[in-house]
Amino acid sequence: MMKLVKITLIIYMILFMSSCLLYYGTGDYFFISRDGAQIPIWIRGNTGSGNFIIYNHGGPGGTSMYYNRFHSMQELEKSYGIVYWDQRSSGISQGNPSPESLTPENFVEDLHAIRMFIQQMYHTENLFLYGTSWGGTLSLKYLTTGDYQEDIKGVIIEDGGHNMPLLMNTSIQRISNFAKNQIDDDNNIDYWTDVLHFFSAYPDPTIWGVDEFQEYAKHLNQTNLERTYPTLKIEGDFSGPGGEDIFFSPLSFSMFFNPSALLPHMNILSLDLSDQLGAIKTPVLLIWGEHDYNSPVPEMADDAINNLLTETYDGPIPNAGHNPAIENPDEFLYRFNNFINELIGD
Amino acid sequence: MSLSKLKILLLSICFLNTYLIFSGDNKTNELSDKISINISYLGELGVHPGITLGIGYTAYSNSWYELTPQFNVSWYIHRRNHQSFIMELDFLQKAKLPSGAFLEMASGFGFILTRPDAPVYIYDDEIFIEDGFPWSPKFQVSIFGGGGWTFEGEHPIDLYLNLGSFLEYPFNSYWLPHGAIHTGIRYSF
């Protein structure tokens, strides 16, 4: 009997030890508790450089906690301290914030808390914001709030959505045109006909609810799946989180459930910052992928350029869609690093 | 299965268990024969390690079936995500098979204390104060199923492996499901 107990205990010891070996243990990790949310922050990379970049993930409802595995972020970490954080009720953010706290304005206050924390905990010489998609929208909203843009050295907006009505209308146009082309080519005619019927039945996205938005998102993803470009470059090393990341990283199942709790309470489809962009004095780098159907160019870039006074934009990045950092990392990094180096004088 | 259906299922199991406890034959008569203790590895998603300790009271038993309410306390850690401390009452139902094997299912409820697994700083008006007790109490329900082997003797020992799920509420206003395994030993006095 004792032999059985001993064998069992040895097996459990092995289970315990193997569980602890593979965690992602690098960098600094904290949580900020604010207004009901417990927000994770992961600081990685070259924190000794004094140059920090706060990464604002997309969504709303996404996560930044596996972005450090993309080639482009690993390259950026060699030069800068990168601050990954998950917004309230998004990704692996915890707590139990009230539905009333799920507003873009409160997300701005969360970002301000992150920014203040980084400035107080580290010797930051230069602080940048980098936002992807909704994270770009959040970054620009942050800059147009009070005096928050002070001491922000620069902002990088990757395929942002500063004008959601324009974004949605142009995106729907792209998807509809794509659907018509698919029908003309006798490709999955029933599905693409349904797509056109959906957009005809629900023509005004500013009054959509979650169901309509999710239907739109499904069709958008379908265009991305069926759209192929001979030059499209997907980073080979890492294309998204897999089993290793789910089981041996800070990621959890909440990243799949949090968006469903967030989206019914935070509808950003009528959010339009175009008129406020002129108040931004901070240098802004605009990056767009030429094949982005989510936030299409040239319409979205033109609107940003017409309203911003401090922008840098070198045209759409070729061979890229909604995530140039992933799809064309070399060109993305070239523009990103040039922008920062010009501002910090390297 | 939707969460509302899961809640109905768990409640139904609880009612059935209560009925069995207060009805039917019970071959176990001595109080000391009815007590068991258990210790198990709790792996949230299998690999986030923890431990469960429990004590059970076999309320109903016949030649092929046992019903044992258990009180369990558990702790586990998901590094850089969260730690949890669980106190739970569950109902363990065991179907005994020939030659010592058994199938079992446990369903229960209780509460769970969770905290982020990293320093937590409370932010207020551009001031940060480290939270000395960042634990949050929540409700918890669970359901596990699996099987094992009974090593017969004066004091039988069960070796078991159960897979299942527990849910915590409120987590961002919803029931957050966790997958988990329990594997351990149960010692009967």
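Right above here is the structure, for reference.
Residues numbered from 1 in each chain as written. Chains lettered and ligands numbered in written order. Predicted model: local features only at pLDDT ≥ 70, side-chain atom pairs only at ≥ 80, totals over all residues. Heavy atoms only, no water.

## Regarding the overall build of chain B
Note the following rule: Here a helix means four or more residues in a row that DSSP labels H or I, a strand means two or more in a row labelled E, and each is numbered from the N terminus. Remark: exposure states derive from per-residue accessible area (1.4 Å probe, protein chains only) relative to the maximum for the residue type, with buried under 20%, exposed over 50%, and partly exposed in between. Only heavy atoms enter the contact rule, under which two residues are in contact if any of them lie within 4.5 Å.
Scanning chain B from N- to C-terminus turns up two helices and 11 strands. Traced from its N-terminal end to its C-terminal end, chain B shows the element sequence α-α-β-β-β-β-β-β-β-β-β-β-β. When each of the 189 residues of chain B is scored for burial, the buried share is 55%. Contacts spanning at least 24 positions in sequence make up 56% of the contacts within chain B whose residues lie at least 6 apart.

## Here's the deal with the overall build of chain A
So the rule is basically this: For the radius of gyration, the atoms used are the C-alpha atoms, and the globule rule reads 2.2 Å times the number of residues raised to 0.38. All accessible areas in this document rest on Shrake-Rupley with a 1.4 Å probe, and a residue is counted as covered only by the protein chains that are shown.
When helices and strands are counted, chain A shows 12 helices and nine strands. A globule of 346 residues ought to have a C-alpha radius of gyration of about 20 Å, and chain A, at 21 Å, matches this closely. The principal-axis extents of the C-alpha atoms in chain A amount to approximately 75 × 55 × 45 Å. Out of the 346 residues in chain A, the part that is buried amounts to 57%. Taking the contacts inside chain A whose residues are at least 6 apart along the sequence as the reference set, 77% of them involve residues at least 24 apart. For chain A, the accessible area works out to roughly 14000 Å², and carbon and sulfur atoms hold 52% of it.

## A closer look at the pairing of strand β8 (residues 127–130) of chain B
Regular strands have side chains that alternate between both faces of the sheet. Residue and element names in this part refer to chain B. Keep this limit in mind: Following DSSP output, two strands are said to pair if at least two bridges run between them.
Where strand β7 (residues 120–124) meets β8, four bridges bridge the pair, whose relative direction is antiparallel. Looking at β8, one finds that Tyr121 is bridged to Glu130. Connecting β7 to the next strand, β8, in antiparallel fashion are two residues, including Asp125 with a positive phi near 55°.

## What about the interface of chain A and chain B?
What counts is decided by this rule: Buried area is calculated as the accessible area (1.4 Å probe) missing from two parts once they are joined, with the contributions of both summed. Polar contacts here mean pairs of N or O atoms no more than 3.5 Å apart (in protein, one a potential hydrogen donor and the other a potential acceptor; neighbouring residues in sequence count only if both atoms are side-chain atoms). Side-chain classes are defined by residue name, with Ala, Val, Leu, Ile, Met, Phe, Trp, Tyr, Cys and Pro counting as nonpolar, Asp, Glu, Lys and Arg as charged, and the others, Gly among them, as polar.
Taken together, the contacts link 48 residues of chain A with 40 residues of chain B. Note on chain A versus chain B: buried area summed over both sides is about 3900 Å², and carbon and sulfur give 63% of it. Inspection of the region where chain A meets chain B yields 19 residue pairs in polar contact (both at pLDDT 80 or more). A per-class count over the side of chain A that touches chain B returns 28 nonpolar, 18 polar and two charged. Two strands pair when backbone bridges link them, and strand β1 (residues 28–34) of chain A and β7(B) are joined in this way by three bridges, in the parallel orientation. Directly across from A:Ile32, in β7(B), lies its bridge partner B:Tyr121.

## A closer look at the environment of B:Ala180
Counting through the fold element by element, B:Ala180 comes out in strand β11 (residues 174–188). For the pair formed by B:Ala180 and B:Thr58, sequence separation is 122 residues and the distance between their alpha carbons is 24 Å.

## A look at the packing of helix α5 (residues 164–184) of chain A against helix α10 (residues 299–307) of chain A
Geometrically, a packed helix pair is captured by the angle between its two axes and the distance between the axes. All names here are of chain A. We count it as follows: Each axis is a line fitted through C-alpha atoms, taken for helices only over the stretch in contact, and angles between the N-to-C directions span 0 to 180 degrees. Here the word oblique covers every angle except those under 35 degrees (roughly parallel), over 145 (roughly antiparallel) and from 65 to 115 (roughly perpendicular). It is the rotation of the near helix from the far one that decides the hand of a crossing: anticlockwise by less than a right angle makes it left-handed, clockwise makes it right-handed.
The N-to-C vectors of α5 and α10 enclose an angle of 155°; their axes lie 10 Å apart at closest approach. Considered as vectors, α5 and α10 are oriented roughly antiparallel to each other. Here α5 and α10 pass one another in a crossing that is right-handed. Contacts from Leu166, Leu167, Thr170 and Arg174 in α5 reach Glu299, Met300 and Asp303 in α10. When grouped by side-chain class, the residues that make up the contact of α5 with α10 number three nonpolar, one polar and three charged.

## A look at the nonpolar core
Residues and elements named next belong to chain A. What counts, and what does not: We define a nonpolar core as any set of buried Ala, Val, Leu, Ile, Met, Phe, Trp, Tyr and Cys residues linked to one another through side-chain atoms lying within 4.5 Å.
Counting 67 residues, the largest nonpolar core has Ile32, Ile114, Ile118, Leu143 and Tyr216 as the members making the most contacts within it. Leave out the neighbours within four places in its chain, and Ile114 touches Ile32, Ile39, Ile41, Ile54, Val83 and Trp85. Residues Tyr67, Leu76, Tyr80 and Ile287 belong to the second largest nonpolar core, which totals 37 residues.

## Notes on the pairing of strand β8 (residues 284–287) of chain A
Short version of the rule: The handedness of a crossover follows from its direction of travel: if, with the strands pointing away from the viewer, the path from the first strand over the helix to the second runs clockwise, the crossover is right-handed.
Every second residue of β8(A) is oriented toward a common face, with A:Val284 and A:Leu286 on one face and A:Leu285 and A:Ile287 on the other, all of them buried. The handedness of the β8(A) to strand β9 (residues 311–313) of chain A crossover, carried by α10(A), is right-handed.

## Considerations on α5(A)
Residues and elements named next belong to chain A. Let me state the cut-off plainly: In a helix, the anticipated span is given by 1.5 Å times the number of residues less one.
Given a rise of 1.5 Å per residue, 21 residues ought to cover 30 Å, and the 30 Å separating the end C-alpha atoms of α5 matches this to within 8%. Where α5 begins, the side chain of Asn163 points an oxygen toward the backbone nitrogen of Leu166, at a separation of 3.1 Å. One or two steps after α5, the chain reaches Asp186, where phi turns positive at roughly 55°.

## Considering the packing of helix α3 (residues 104–121) of chain A against helix α4 (residues 134–143) of chain A
Residue and element names in this part refer to chain A. Taken N-terminus to C-terminus, the directions of α3 and α4 make an angle of 80°; their axes are 9 Å apart at the nearest point. Classed by the angle they form, the pair α3 and α4 counts as roughly perpendicular. Packed against α3, whose contacting residues are Pro104, Glu105, Phe107, Val108, Leu111, His112 and Arg115, the element α4 presents Trp134, Leu138, Lys141 and Tyr142 at the interface. Across the contact of α3 with α4, the residue classes tally to seven nonpolar, one polar and three charged.

## What to know about the packing of aromatic side chains
Describing an aromatic ring pair means giving the distance of the ring centres and the angle of the ring planes. Residues and elements named next belong to chain A. Rules: Stacked, tilted and edge-to-face are the three classes assigned to paired rings of Phe, Tyr and Trp, where Trp is represented by its six-membered ring and a pair needs centres within 6.5 Å; plane angles under 30 degrees give stacked, over 60 edge-to-face, the rest tilted. For a ring to carry a charge above it, either NZ of a lysine or CZ of an arginine must fall within 6 Å of the ring centroid while also lying within 35 degrees of the normal to the ring plane.
The full count for this structure, using the stated rule, is 36 aromatic pairs over all chains. Here the aromatic rings of Tyr191 and Trp192 are separated by 4.9 Å at their centres, their planes lie at 85°, and the arrangement is edge-to-face. A relative accessible area of 19% places Tyr191 in the buried class. Assessed through its relative accessible area of 0%, Trp192 is described here as buried. Connected via pairs of aromatic rings, a cluster forms that spans Tyr55, Tyr66, Tyr67, Phe70, Tyr84, Tyr130, Phe332 and Phe336. Here Arg44 stacks its cationic end above the ring of Trp42, 5.1 Å away from the centre of that ring.

## Digging into the pattern of salt bridges
All names here are of chain B. Threshold: A pairing counts as a salt bridge when a side-chain nitrogen of Lys or Arg comes within 4 Å of a carboxyl oxygen of Asp or Glu.
Taken as a whole, this structure holds 14 salt bridges over all chains when the rule is applied. Residue Glu168 pairs with Lys138 through a salt bridge whose shortest N-O separation is 2.8 Å. With Glu168 in strand β10 (residues 157–171) and Lys138 in strand β9 (residues 136–151), this residue pair connects regions lying 30 residues apart in the sequence. For Glu168, a relative accessible area of 2% puts it in the buried group. Ionic contacts of the salt-bridge type, sharing partners, join the residues Glu66, Lys94, Lys96, Glu104, Asp158 and Arg186 into one network.

## Considering a nonpolar patch on the surface
The following threshold applies: For patches, a residue must show more than 30% relative accessible area and have no salt bridge; joins then use 9 Å for like charges and 5 Å for nonpolar side chains, namely Val, Leu, Ile, Met, Phe, Trp and Tyr.
A cluster of nonpolar side chains, namely B:Ile37, B:Ile55, B:Phe71, B:Leu89, B:Phe109 and B:Phe189, defines an oily patch on the protein surface of about 510 Å² accessible area. You can see B:Phe71 is positioned in strand β4 (residues 65–78).

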